[in-house]
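Structural description and commentary
If you want the building blocks of each chain, they are given just below.
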Amino acid sequence: AQSVTQPDIHITVSEGASLELRCNYSYGATPYLFWYVQSPGQGLQLLLKYFSGDTLVQGIKGFEAEFKRSQSSFNLRKPSVHWSDAAEYFCAVGVIYGGSQGNLIFGKGTKLSVKP
Amino acid sequence: DAGITQSPRYKITETGRQVTLMCHQTWSHSYMFWYRQDLGHGLRLIYYSAAADITDKGEVSDGYVVSRSKTENFPLTLESATRSQTSVYFCASRKDRHEQYFGPGTRLTVT
């Protein structure tokens, strides 16, 4: 069965430092992959997505993610974190086959705190 | 462009009562979804709908009912609310190729 693992429940980084949030997926075929961000009290906003092609994808707010098939990973990165990046981040994989085709399977999220 | 809206944003109800959470989208997206978000569980799919009058169960559908008589609306009903249904509920709609857009959420407390 498809699954998504975000190994880090909570990460704290200093403002201006670089960031990498980890995401591993379990899926037999080339996956559709997503990163969403949720600010406190808000809904989820799409940061970026990967369907095919270039394995390094750029998103909004200065985020990027790299798809590595050999490692079944889709890690999210940002070179310099801003205090406004404090939020919860969710990785998701799209279901391609079967009755629930088109649905998303989410990881449990990583909460990012930013130190001034 | 309103996008996707949910109402109410906050709701407190008592155990055993029926509660309906509303979801409305202005994009005419075919697919719509209901999720619940709980600490330690992330987002879990309750129900989804591929089009008007077509709905299907997700991972945690017990105790919930949905309907979709119009493309733009997708209400979620808790037939007899239980404390375990205290959660934040998110509605989403799908544009294409899995990309989903989320509403602001409804925080439901069952006392």
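In what follows, the structure referred to is the one given above.
Heads up: these notes are all about the structure in this document. (Residues numbered from 1 in each chain as written. Chains lettered and ligands numbered in written order. Predicted model: local features only at pLDDT ≥ 70, side-chain atom pairs only at ≥ 80, totals over all residues. Heavy atoms only, no water.)

**Topic: the state of the cysteines**
- Counted according to the given criterion, the structure contains two disulfides over all chains.
- In this model, C23 of chain A is linked to C91 of chain A through a disulfide, with the two sulfur atoms separated by 1.9 Å. Around the S-S axis, the bridge from C23 of chain A to C91 of chain A shows a dihedral of about -65 degrees and counts as left-handed. Highlighted residues: C23 of chain A in the loop between strand 3 (19-21) and strand 4 (24-26) and C91 of chain A in strand 10 (residues 87-94), separated in sequence by 68 residues. Summarising the burial analysis for this pair, C23 of chain A and C91 of chain A share the class buried.
- What pairs with C23 of chain B in a disulfide is C91 of chain B, and their sulfur atoms sit 1.8 Å apart. Measuring the twist about the S-S bond at about -75 degrees, one finds the C23 of chain B-C91 of chain B disulfide to be left-handed. One end of the pair, C23 of chain B, is in strand 3 (residues 19-25); the other, C91 of chain B, is in strand 9 (residues 87-94), with 68 residues separating them in the sequence. Of the two residues, C23 of chain B and C91 of chain B, both sit in the buried class. (Disulfide = S-S within 2.5 Å. Helix = DSSP H or I, 4+ residues; strand = E, 2+ residues; numbered from the N terminus. Buried < 20%, exposed > 50% of the residue type's maximum accessible area, 1.4 Å probe, protein only.)

**Points about the environment of H10 of chain A**
All names here are of chain A.
- Relative to the helices and strands, H10 is located in strand 2 (residues 10-14).
- Placed 101 residues apart in sequence, H10 and K111 show a C-alpha to C-alpha distance of 4.6 Å.
- When sequence neighbours within four positions are dropped, the list of residues in contact with H10 reads K111 and S113.
- Of the polar contacts made by the side chain of H10, one reaches the side chain of S113; its length is 2.7 Å. (Contact = heavy atoms within 4.5 Å. Polar contact = N/O pair within 3.5 Å; in protein donor to acceptor, adjacent residues only side chain to side chain.)

**Quick notes on the interface of chain B and chain A**
- The interface is formed by 19 residues belonging to chain B together with 24 residues belonging to chain A.
- Both sides together, the interface formed by chain B and chain A hides about 1,700 Å², and carbon and sulfur atoms give 54% of it.
- The tally of links between chain B and chain A comes to one salt bridge.
- Here K49 of chain A and E99 of chain B are joined by a salt bridge, their closest N and O atoms 2.4 Å apart.
- Counting the contacts that link chain B with chain A gives three residue pairs in polar contact (both at pLDDT 80 or more).
- Where the side of chain B that touches chain A is concerned, the elements lending two or more residues are strand 4 (31-38), strand 5 (42-51), strand 9 and strand 10 (100-102) of chain B.
- Considering each element in turn, the side of chain B that touches chain A owes the most residues, four residues, to strand 5 of chain B.
- Looking at the side of chain B that touches chain A residue by residue, the class counts come to eight nonpolar, seven polar and four charged. (Buried area = accessible area lost by both parts, 1.4 Å probe. Salt bridge = Lys/Arg side-chain N within 4 Å of Asp/Glu carboxyl O. Nonpolar A, V, L, I, M, F, W, Y, C, P; charged D, E, K, R; others polar.)

**Details of the pattern of salt bridges**
- The full count for this structure, using the stated rule, is eight salt bridges over all chains.
- The salt bridge partner of K78 of chain A is D85 of chain A, with a shortest N-O separation of 2.8 Å. This pair shows no difference in class: K78 of chain A is buried, exactly as D85 of chain A is.
- In this structure, D38 of chain B and R36 of chain B form a salt bridge, with 2.8 Å as the shortest nitrogen-oxygen distance.
- Classification of D38 of chain B as buried rests on a relative accessible area of 14%.

**Regarding empty space enclosed by the protein**
All names here are of chain A.
- Under the counting rule described, the total for this entry stands at one cavity of 30 Å³ or more.
- When its volume is computed, the largest cavity comes out at roughly 40 Å³.
- Surrounding the largest cavity, V37, S39, K61, F63, S84, D85, A87 and Y89 form its lining.
- Its residues assigned to classes, the lining of the largest cavity shows four nonpolar, two polar and two charged. (1 Å grid on protein atoms, 1.4 Å probe; cavity = no way out; pocket = protein on both sides within 12 Å on 5 of 7 lines; lining within 4 Å. Points joined across faces, edges and corners; volume = space filled by probe spheres on them.)

**Thoughts on the sheet that holds strand 7 (residues 64-66) of chain B**
Residue and element names in this part refer to chain B.
- Taking strand neighbours across the sheet as the criterion, the four strands line up as 1-3-8-7 in an open arrangement whose pairing is antiparallel. Each edge of the open sheet is held by one strand with a lone partner, namely strand 1 (4-7) and strand 7. Averaged over all pairs of adjacent strands, the angle between strand axes in this sheet comes to 20 degrees, irrespective of strand direction.
- Here strand 3 runs beside strand 8 (residues 76-78); their pairing, made up of three bridges, is antiparallel. (Pairing = 2+ DSSP bridges. Axes fitted to C-alpha atoms, helices over the stretch in contact; angles between N-to-C directions.)

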